[in-house]
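# Tertiary structure, described
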Number of protein chains: 2
Amino acid sequence: MTEAQARPQIETLKPPPVCGEHGEANQLVRDLLGRIGDKWSLMIIGNLAEGPLRFSAIQHAIGGISQRMLTLNLRQLERDGLITRTVYAEVPPRVEYEVTDLGRSLIVPALGLVNWAAANADQVKARRHAYDLEHGGPATP
Amino acid sequence: MTEAQARPQIETLKPPPVCGEHGEANQLVRDLLGRIGDKWSLMIIGNLAEGPLRFSAIQHAIGGISQRMLTLNLRQLERDGLITRTVYAEVPPRVEYEVTDLGRSLIVPALGLVNWAAANADQVKARRHAYDLEHGGPATP
DNA sequence: CAGCATCCTTATGGATACTG
DNA sequence: CAGTATCCATAAGGATGCTG
């Protein structure tokens, strides 16, 4: 990873979008980011990328989310029009969640972030550890 | 729609990454997502994409973040090795923040999400409003 | 200017028990 | 199975005042 060229591709591929607009429609964007940028929402959308899943499948796939949190997040995503909730009136109740077109458009950027996290997790972990060492330690009592 | 032709582009561009691994190294990824997927972190990284900025510049650019939150977030990003903090020992203290190589690699996926939010904000808003109408209303007392 | 410390309010999120 | 409801702990986050 030789560092010679500072940032060649950045400005060519993305012009400054809303990052610099202070507090106009930016408010709405921030709200959205706080919601979709949420830890669980990204994971849910990511898992739904491959096809519709039922409640328990999502919960198992993510592993670590409580039933309550999953319910709340799914409701939120449904409200925002990113996923649909289909209830099959069978005797063991079956509910399937699937991304909408709008939700599908979010999959690529969402997976982009998820994949980045997966790819750089240990590097960040190392950096974090180094930082903790040269400052007062991980937990300074 | 059956699963035969339901989602054409998704699986070709991203194989299921970590979304399905329940609770192994996934724990670390989830932790990272919760941090970088954070509302402010994404905005900060997005703003820093164009070049180094000083504290007040970031605060002004984002517009709506409190000083405390900005400080905490910047510290966190620094700890994770995503940005550097440079203090110039001048008489009006100047502190500049800049993305590291690691942080730069996050810019593209981060801006992807930020731009998605900006592009689809009003659509989500409409969807949300529609949902609120057909259910008990925005605030059901 | 940049940031730390303190107080205080609200939001987040887990555990548990109960229902259609 | 897929929730809903309740309780409770903790974390997030704003406001204010003080420092180098």
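For the structure, check the block above.
Bear in mind that the values here come from a model prediction, so they are computed numbers and not experimental data. (Residues numbered from 1 in each chain as written. Chains lettered and ligands numbered in written order. Predicted model: local features only at pLDDT ≥ 70, side-chain atom pairs only at ≥ 80, totals over all residues. Heavy atoms only, no water.)

## Overview of the protein's contact with DNA strand D
Put simply, the test is: Working definition: residue near molecule or strand if any one of its non-hydrogen atoms lies within 4 Å of it. In the analysis that follows, any N or O atom pair within 3.5 Å is treated as a polar contact, provided that within protein one partner can donate a hydrogen and the other can accept it, and provided that, for residues neighboring in sequence, both atoms belong to side chains. A helix here means a DSSP run of H or I that spans at least four residues, while a strand means a run of E at least two residues long, and both kinds are numbered starting from the N terminus. Residues are grouped as follows: Ala, Val, Leu, Ile, Met, Phe, Trp, Tyr, Cys and Pro are nonpolar; Asp, Glu, Lys and Arg are charged; all remaining types, including Gly, are polar.
Taken together, 15 residues form the shell around DNA strand D, and within it Ser56, Gln67, Arg85 and Tyr97 of chain A together with Arg68 of chain B come nearest. Among the atoms of DNA strand D lying within 4 Å of the protein, the sugar-phosphate backbone contributes 57%. Within the backbone of Pro93 of chain A, one N or O atom sits 3.3 Å away from a sugar or linking oxygen of DNA strand D. Residue Tyr97 of chain A places a side-chain N or O atom 2.5 Å away from a phosphate oxygen belonging to DNA strand D. At the level of elements, helix H4 (55-62), helix H5 (67-79) and strand S3 (94-99) of chain A together with helix H5 (67-79) of chain B are the ones that each hand at least two residues to the surface near DNA strand D. Looking at the surface near DNA strand D, the element that brings in the most residues is H5 of chain A, giving four residues. Classifying every residue of the surface near DNA strand D by side-chain character gives six nonpolar, four polar and five charged.

## Topic: the relation of the copies chain A and chain B
Rules: Overlaid copies result from least-squares superposition on C-alpha atoms, with residues included only where pLDDT is at least 70 in both. Contacts are residue-level and defined by heavy atoms, with any inter-residue pair within 4.5 Å sufficient.
When chain A is fitted onto chain B, the two copies agree to an RMSD of 0.0 Å after a turn of 180° and an axial shift of 0.0 Å. The transformation relating the two chain copies, once decomposed into turn and shift, fits a two-fold axis. Ranked by how close their C-alpha atoms come to the rotation axis, the residues of chain A are headed by Gly37 of chain A, at 2.4 Å. Most of the interface of chain A is mirrored in chain B: 97% of its interface residues are interface residues there too.

It is worth stressing that arrangement in space is one thing and function is another; only the former is reported here.
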